[in-house]
Each structure stands twice: as structure tokens, then as C-alpha cells.
Amino acid sequence: FSITFSSTETVASDKTVSFPVTVIDRAGAGASETLASSLIVTARALSLSHSPAGPIYADGSSRYAMTATLTSGGSPVSGKTITFTSTAGTFETSTAVTDSSGQASVYLISPASTVDTSAAVTASYLGSTATDTVTFTGWTKPNIAYWDSLSPTASNCGGKVSFSISVKNTSAVS
């Protein structure tokens, strides 16, 4: 025989949950017996933090390290995939796997904006979520970034060299 139990109860801390199991004799006189049963529901906790403290520039290239920590019964949980979402900016990758400390980290790249803005960042694992708010300071200057290649990459000592480099304005401002 098998017993199937399901519950939608959410717990904030470890909790013993009791439930009755009724055994019915279907082959005999229909006698039944109710057994007291219980199980321990272990609370899973997910928290989210960011570094640096911020705000950072909304220049399209500055970034926050977002770190989610997953625990169960107060102990770290490793090997679980955490999914990250944000209302502003972009992630280098939107998922990360928890390490032996229960931590999973990703980088959130700032949006390119001339006005101050904020983002609600959420980390999720199964039914658990954690949210953190990060802030960005509007960037009103060009943001020139090295892009692609440098040519030539070598020269002779004492010789005159001309070179070219590719750059790109990653800012919202020209």
C-alpha cells in the first residue's frame, strides 16, 4: 500500500505537522482504524543582497554583484539553481548554482540612463523568493569603452608605430 500526502502550508520555521491516516479494512467487515501521524516540515529560506552598497552609475557598464543565499533548517543548501530577474539593467547570466555555503551570485549590469533609477531584483528557487532593491545614478557623460580589437598588437623597439583601436559609446548620452 502507499500513502500520499500533500500540503500547501507555508512555514516560516521548522514545524511538526500532524495529520490523521485512516486505514479501512475493505476485505473484511469494513472496520477502520485512525492512526496519528506527523512529519517535520523544514523551512527553506532565501535571502538576497548586493555589493557594492550603491548607488552605482547608470552608464550601461557598471555592475552590482547580486548574491542569493539558500538555507534549509538553518543549514546551507548546495547544488540548487537560483533564477534572478530585475526590473532594470541586464544580467551577465540569469541563473547560478548554490555553492557549499548556499550562495549563488550573478552580476547585474546597470541600465544606460540619464536619470536616477532603481531596480527590484528577485531571486527565486521553487516557491521561495527574495527581493532586493538597487539604485542607479543617472549618467550624463559619454561612456567610451574599448570594443573589438587593437591593431597592430606588436611593434619593433624604437620604431614609429601607428595604431587603431575600436571604441564604442555605451552611454545613453552622445
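Residues numbered from 1 in each chain as written. Predicted model: local features only at pLDDT ≥ 70, side-chain atom pairs only at ≥ 80, totals over all residues. Heavy atoms only, no water.

Caption draft 1: Representation of the pattern of salt bridges in the model. Going through the model one piece at a time under the given rule, you end up with one salt bridge. With a shortest N-O distance of 2.8 Å, Arg63 and Glu92 are connected by a salt bridge. Note that Arg63 is positioned in strand 5 (residues 63-72) and Glu92 in the loop between strand 8 (90-91) and strand 9 (95-97), a separation of 29 residues in sequence. (Salt bridge = Lys/Arg side-chain N within 4 Å of Asp/Glu carboxyl O. Helix = DSSP H or I, 4+ residues; strand = E, 2+ residues; numbered from the N terminus.)

Caption draft 2: Unusual backbone geometry, seen in detail. The omega torsion of the bond from Ser51 to Pro52 falls at 0°, within 30 degrees of zero and hence cis. Positionally, Pro52 belongs in the loop between strand 3 (44-51) and strand 4 (56-58). Across the junction of Gly54 and Pro55, the peptide omega takes the value 5°, indicating a cis bond. Along the chain, Pro55 falls in the loop between strand 3 and strand 4. A positive phi angle is found at Leu126, which is not glycine, with a value near 50°. Relative to the helices and strands, Leu126 is located in the loop between strand 11 (117-125) and strand 12 (128-138).

None of this, on its own, says anything about what the molecule does.
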